[in-house]
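Each chain, written out:
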Amino acid sequence: MAEAIDSKIKNYKTAPFDSRFPNTNQTRNCFQNYLDYHRCNKALSSKDMDTTPCDWYQRVYKSICPSGWVNGWDEGIDNGSFAGRV
Amino acid sequence: MAHPSQLGFQDAASPVMEELLHFHDHALMIVFLISTLVLYIIVAMVSTKLTNMYILDSQEIEIIWTVLPAIILILIALPSLRILYLMDEINNPHLSVKAIGHQWYWSYEYTDYQEIAFDSYMIPTQDLAPGQFRLLEVDHRMVVPTEAPVRVLVTAEDVLHSWAVPALGVKMDAVPGRLNQTAFIASRPGVFYGQCSEICGANHSFMPIVVEAVPLMYFQDWSTLMLEDA
């Protein structure tokens, strides 16, 4: 399972088609992967597990989210004003 | 790119645009044929001294001029729907680029591997080199590899803009707070121009888009160069 995730991350070209977001509006795709990365990190590190599988979400959100949005959200997380539930 | 006194579309640089071109030829031919027929009939009716007072109804011609237009409409609708669904096909892109509209320039981000980001301003007319195109050239072009499905995610930082490149058959609105996805494949190397397509203030006409399609090897060289310059 871990090997499958590792090879997926190694062979990463760009964010693949996500059938949850089949339409033109990809706003939620970007935000969902950002949330999933932080939630995954929080869940796995709270159990002292390896957080490498979470890197998939990070690759995807870095591919599709505008960096301005990501920087704003990162700041929000740092100073506790992030609106999403992590 | 566009030429002076141009009547038709620019040469297609993507498979979708080729399909749109052919469909437009097909639909326009039907329009020309119908218009010619109608004009002929008008001229014929207007230019005769004969009058007709005795024909009251005629089942046959009524059937013909109901069924024939229905058939013509179907002949237009079928290729149209075919292209509509073709444009909606799931594609697995090789590259994602973000195009972000600002007042009054575009910025592009390539963040699949490392972070390449740059602004793309129009070259002012007084700074053009000989042979360059007025109001169309930019300082940094959006470079993409040929023959590769490219996903473009369009958004805006301030007001509405629209990212359009006619030769690639692409236009997508840039809405603040929203990420709109479009995709294209550049079938041949070349430089393709477009202009902002949503009114966005004083310099709306002066924030063009230039896509430069190059073979993959040159794209890799360009991205290495962009990373070094950053």
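Residues numbered from 1 in each chain as written. Chains lettered and ligands numbered in written order. Predicted model: local features only at pLDDT ≥ 70, side-chain atom pairs only at ≥ 80, totals over all residues. Heavy atoms only, no water.

Per an unreviewed UniProt entry, chain B goes by Cytochrome c oxidase subunit 2 and derives from Mugilogobius chulae. Under the UniProt heading Catalytic activity (unreviewed entry), the note attached to chain B is "4 Fe(II)-[cytochrome c] + O2 + 8 H(+)(in) = 4 Fe(III)-[cytochrome c] + 2 H2O + 4 H(+)(out)". Per UniProt, the comment on chain B under Subcellular location (unreviewed entry) is "Mitochondrion inner membrane". (UniProt positions renumbered as here; feature names shortened; annotations may be inferred.)

Naming follows an unreviewed UniProt entry, where chain A appears as Cytochrome c oxidase subunit of Mugilogobius chulae. Its UniProt record, at the heading Subcellular location (unreviewed entry), says of chain A: "Mitochondrion". Recorded under Function (unreviewed entry), the UniProt text for chain A is reproduced unchanged: "Component of the cytochrome c oxidase, the last enzyme in the mitochondrial electron transport chain which drives oxidative phosphorylation."

Peer 1: Teacher, can you tell me more about the UniProt feature "transmembrane region" (unreviewed entry) in chain B here?
Peer 2: Residue and element names in this part refer to chain B. UniProt tags residues 27–51 and 63–87 as "transmembrane region" (unreviewed entry). Helix makes up 80% of residues 27–51 and strand 0%. Its end C-alpha atoms lie 36 Å apart. What you have in residues 63–87 is 100% helix and 0% strand, and the ends, taken at the C-alpha atoms, are 36 Å apart. (Helix = DSSP H or I, 4+ residues; strand = E, 2+ residues; numbered from the N terminus.)

Peer 1: I tried to follow the packing of aromatic side chains on my own but got confused; where do I start?
Peer 2: Any pair of aromatic rings gets described here by the distance separating the centres and the angle formed by the planes. Residues and elements named next belong to chain A. A full pass over the atoms with the stated rule returns 16 aromatic pairs over all chains. Relative to Phe 82, the ring of Phe 31 lies with its centre 6.0 Å away and its plane at 50 degrees, an arrangement referred to as tilted. Placement of the pair is Phe 31 in helix α2 (residues 27–46) and Phe 82 in the segment after α4 (67–79), with a sequence separation of 51 residues. A connected cluster of aromatic rings, assembled from ring pairs, spans Phe 31, Tyr 34, Tyr 37, Tyr 61, Trp 69, Trp 73 and Phe 82. The aromatic ring of Trp 56 is capped on one face by Lys 8, whose charged end is 4.2 Å from the ring centroid. (Phe/Tyr/Trp six-rings, centres within 6.5 Å; stacked < 30°, edge-to-face > 60°. Lys NZ or Arg CZ within 6 Å of the ring centre and 35° of its normal.)

Peer 1: What should I look at first to understand the interface of chain B and chain A in this one?
Peer 2: Interface size is often expressed as the accessible area that is lost when the parts come together. Facing the 24 residues of chain B at the interface are 21 residues of chain A. Taking both sides of the interface into account, the surface hidden between chain B and chain A amounts to around 1900 Å²; carbon and sulfur atoms contribute 48%. Here Lys62(A) and Glu115(B) are joined by a salt bridge, their closest N and O atoms 3.9 Å apart. Taken together, the links from chain B to chain A amount to 16 residue pairs in polar contact (both at pLDDT 80 or more). When residues of the side of chain B that touches chain A are traced back to their parent elements, those giving at least two are β1 (95–102), β5 (149–156) and β8 (180–185) of chain B. A total of four residues in the side of chain B that touches chain A trace back to one element, the largest contributor, which is β1(B). Taken together, the residues that form the side of chain B that touches chain A break down as eight nonpolar, nine polar and seven charged. (Contact = heavy atoms within 4.5 Å. Buried area = accessible area lost by both parts, 1.4 Å probe. Salt bridge = Lys/Arg side-chain N within 4 Å of Asp/Glu carboxyl O. Polar contact = N/O pair within 3.5 Å; in protein donor to acceptor, adjacent residues only side chain to side chain. Nonpolar A, V, L, I, M, F, W, Y, C, P; charged D, E, K, R; others polar.)

Peer 1: Looking at this model, I keep getting lost on the UniProt feature "domain: Cytochrome oxidase subunit II transmembrane region profile" (unreviewed entry) in chain B. Mind explaining?
Peer 2: Mapped onto the present numbering, the UniProt feature "domain: Cytochrome oxidase subunit II transmembrane region profile" (unreviewed entry) falls at residues 1–91 of chain B. With 67% helix and 0% strand, the stretch residues 1–91 of chain B has end C-alpha atoms that lie 26 Å from each other.

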